[in-house]
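Here is what each chain is made of, one letter per residue.
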Amino acid sequence: SFLMPRYIREVRPGVNLNNQQEPLICPICQFQVVDCVKDDGGSYFVCPQCFSDPPEEHGGDSTDFPCSKCTHQTCSLATGTRGGDIEI
C-alpha cells in the first residue's frame, strides 16, 4: 500500500498533455503518476511510490513529496530546486 495526500477530492491517472492516451510515468521508479484534485479545484501530480518513500537523492526529506518538490533533471513535473549544483 502507498501513502496518498490528504484532503483531495479526486485522484485521476496522470496523462501526457501531448498525448492523452499516454500515461505519465515517474522516471525514478517507473510508477504511474496520478493527478490529485483539491476541493478548491486546483490539482497537483504525485507519484505514489515517491510520495510514500521520498528519494533523498532527488530532494525527498519528508512524507509530503509531490512531484513539484522533486529535483529529477529529466522530469518535466519535477520543479524543485537543486541545492548544491551552483558553482561559487
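Residues numbered from 1 in each chain as written. Predicted model: local features only at pLDDT ≥ 70, side-chain atom pairs only at ≥ 80, totals over all residues. Heavy atoms only, no water.

## What about a negative patch on the surface?
A contiguous patch of negative charge on the surface is contributed by D53, E56, E57 and D61. Tracing the backbone through its elements, the reader meets E57 in the segment after helix 1 (48–52). Using a relative accessible area of 54% as the deciding quantity, one classes E57 as exposed. (Patch = residues over 30% accessible without salt bridge, like charges linked within 9 Å, V, L, I, M, F, W, Y side chains within 5 Å. Areas by Shrake-Rupley, 256 points an atom, 1.4 Å probe, with all protein chains shown as cover. Salt bridge = Lys/Arg side-chain N within 4 Å of Asp/Glu carboxyl O. Lys, Arg positive; Asp, Glu negative; His and termini not counted. Charge placed at Lys NZ, Arg CZ, Asp CG, Glu CD. Helix = DSSP H or I, 4+ residues; strand = E, 2+ residues; numbered from the N terminus. Buried < 20%, exposed > 50% of the residue type's maximum accessible area, 1.4 Å probe, protein only.)

## Quick word on the pairing of strand 3 (residues 43–46)
As paired elements, strand 2 (residues 34–38) and strand 3 share four bridges and run antiparallel to each other. Along strand 3, the bridge assignment pairs D35 with F45. (Pairing = 2+ DSSP bridges.)

## Thoughts on the state of the cysteines
Counted under the stated rule, the structure contains zero disulfides. Considering cysteine sulfurs only, C47 is the nearest to C29, which forms no disulfide, with 3.4 Å between them. For C29, a relative accessible area of 22% translates into the label partly exposed. C75 carries a free sulfur, and the closest cysteine sulfur to it, the one in C67, is 6.0 Å from it. Residue C75 is classed as buried on the basis of its relative accessible area of 19%. (Disulfide = S-S within 2.5 Å.)

## Regarding the nonpolar core
Formed by L24, C26, V33, C47, C50, F65, C67, C70, C75, L77 and A78, the largest nonpolar core amounts to 11 residues. Residues within four places of C26 in sequence aside, it is in contact with F31, V33, C47 and C50. (Core = buried A, V, L, I, M, F, W, Y, C linked by side-chain atoms within 4.5 Å. Contact = heavy atoms within 4.5 Å.)

Distances and angles like these do not, on their own, reveal function.
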